[in-house]
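Examination of the molecular architecture
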Amino acid sequence: MAAGWWEPVCDYCERTGPELLAEPLNAVSNVAFVVAAVLLLRRGRAPDPVADGFAVLVGVIGFGSALFHTLAVQWAMLADVIPIALFIHAYFFLALRRFLGLSVPAALAGTLAFALAAALFEPASSWLAGRPLGPLSNGSIAYAPAILALFGVGIASLRFGRREGAALIGIGGLFMASLTARTLDAALCPVVPFGTHWLWHLLNAAVLYALVRAARRAREPGPGPAA
């Protein structure tokens, strides 16, 4: 079992061997997440501890991804995927609160439903991995629930007369461009030896930065601290 945790992972075009520096672009491009976190935490902004917490998580995502693309072993993959999953589900809860104005219990119920739907989607995406859509998506199909959530909450927010939701729709478009870079990594490998996964990091850092900024702007003052 312990040996399994150290099993090499070679899922990206840039990596051609088990060496630590076999993915220089994929590793270094994670600096973009740290830069995004620093910019989100800069002084001269209204206090928002929740948004600040998400900013710190953006930095953690960068460190986790850099660790994975440096070591490229099974246990390091957890350092990459766990912070991302945490951001997705926690932000969904925050979006229900700030963009749709739901109560805490309703937002929690909605987040649990989203988590369940995403979990049920995992077997479907694994099944598709053996079908044409799986290889074509290069695993990016697993992010389909997150894209649907962005557009869904954004559209619902607009329908409820809350213009802040337009930001989520725009960010959803940027996220689709980000996923395109991730998807094309394997397909373009014969002509682009260093792949395009590094571009996914750069664009995704912009996505997370924009999401935290949007949540900060959507915060409404109330009788108590906003969620």
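Structure: above.
A brief look at the structure comes next. (Residues numbered from 1 in each chain as written. Predicted model: local features only at pLDDT ≥ 70, side-chain atom pairs only at ≥ 80, totals over all residues. Heavy atoms only, no water.)

**Side note on the overall build of the protein chain**
- Check the secondary structure of the protein chain and you find 10 helices and 0 strands.
- Mapped from its N terminus to its C terminus, the protein chain presents α and β elements in the order α-α-α-α-α-α-α-α-α-α.
- The buried share of the protein chain, taken over its 227 residues, is 41%.
- Here the contacts in the protein chain between residues at least 6 apart in sequence split such that 68% fall between residues at least 24 apart. (Helix = DSSP H or I, 4+ residues; strand = E, 2+ residues; numbered from the N terminus. Buried < 20%, exposed > 50% of the residue type's maximum accessible area, 1.4 Å probe, protein only. Contact = heavy atoms within 4.5 Å.)

**Re the layout of surface pockets**
- Taken as a whole, the largest pocket encloses approximately 770 Å³ of empty space.
- As for the largest pocket, its lining consists of 32 residues, of which V81, G139, A142, Y143 and R182 are closest to the centre.
- Counting only elements with at least two residues in the lining of the largest pocket, the list comes to α4 (49–71), α5 (74–98), α6 (104–128), α8 (144–159) and α10 (197–218).
- Ranked by the residues each element gives to the lining of the largest pocket, the list is headed by α5, at 8 residues.
- Taken together, the residues that form the lining of the largest pocket break down as 19 nonpolar, 9 polar and 4 charged. (1 Å grid on protein atoms, 1.4 Å probe; cavity = no way out; pocket = protein on both sides within 12 Å on 5 of 7 lines; lining within 4 Å. Points joined across faces, edges and corners; volume = space filled by probe spheres on them. Nonpolar A, V, L, I, M, F, W, Y, C, P; charged D, E, K, R; others polar.)

**As for the nonpolar core**
- Core analysis: the largest hydrophobic core is formed by 43 residues, its most contacted members being V58, F87, Y91, F99, V153, F175 and L211.
- Those elements giving two or more residues to this core turn out to be α3 (31–40), α4, α5, α6, α8, α9 (165–187) and α10.
- It is α10 that contributes the most residues to this core, 10 residues altogether.
- The residues touching V58, leaving out its near neighbours within four places in the chain, are F33, A36, A37, F87, L208 and V212.
- Residues Y12, F68, V73 and A76 belong to the second largest nonpolar core, which totals 5 residues. (Core = buried A, V, L, I, M, F, W, Y, C linked by side-chain atoms within 4.5 Å.)

**Considerations on empty space enclosed by the protein**
- This model, assessed by the stated rule, comprises 1 cavity of 30 Å³ or more.
- When its volume is computed, the largest cavity comes out at roughly 260 Å³.
- Lining the largest cavity are 20 residues, with F87, I88, A146, L150 and L211 positioned closest to its centre.
- Counting only elements with at least two residues in the lining of the largest cavity, the list comes to α5, α8, α9 and α10.
- When residues of the lining of the largest cavity are assigned to their parent elements, the largest contribution, 6 residues, is made by α5.
- Broken down by class, the residue content of the lining of the largest cavity amounts to 19 nonpolar, 1 polar and no charged.

**A short note on the environment of L199**
- Structurally, the position occupied by L199 is in helix α10.
- Given a relative accessible area of 31%, L199 falls into the partly exposed group.
- Along the backbone, L199 and D185 are 14 residues apart, and their C-alpha atoms lie at a distance of 9.3 Å.

**A closer look at the state of the cysteines**
- This structure, assessed with the given rule, holds 1 disulfide.
- Here C13 engages in a disulfide with C189; their sulfurs sit 2.1 Å apart. Linking C13 and C189, the disulfide has an S-S dihedral of approximately 85° and is accordingly described as right-handed. You can see C13 sitting in the loop between α1 (2–5) and α2 (24–28) and its partner C189 sitting in the loop between α9 and α10, a full 176 residues away along the chain.
- By relative accessible area, which is 26% here, C189 ends up partly exposed. (Disulfide = S-S within 2.5 Å.)

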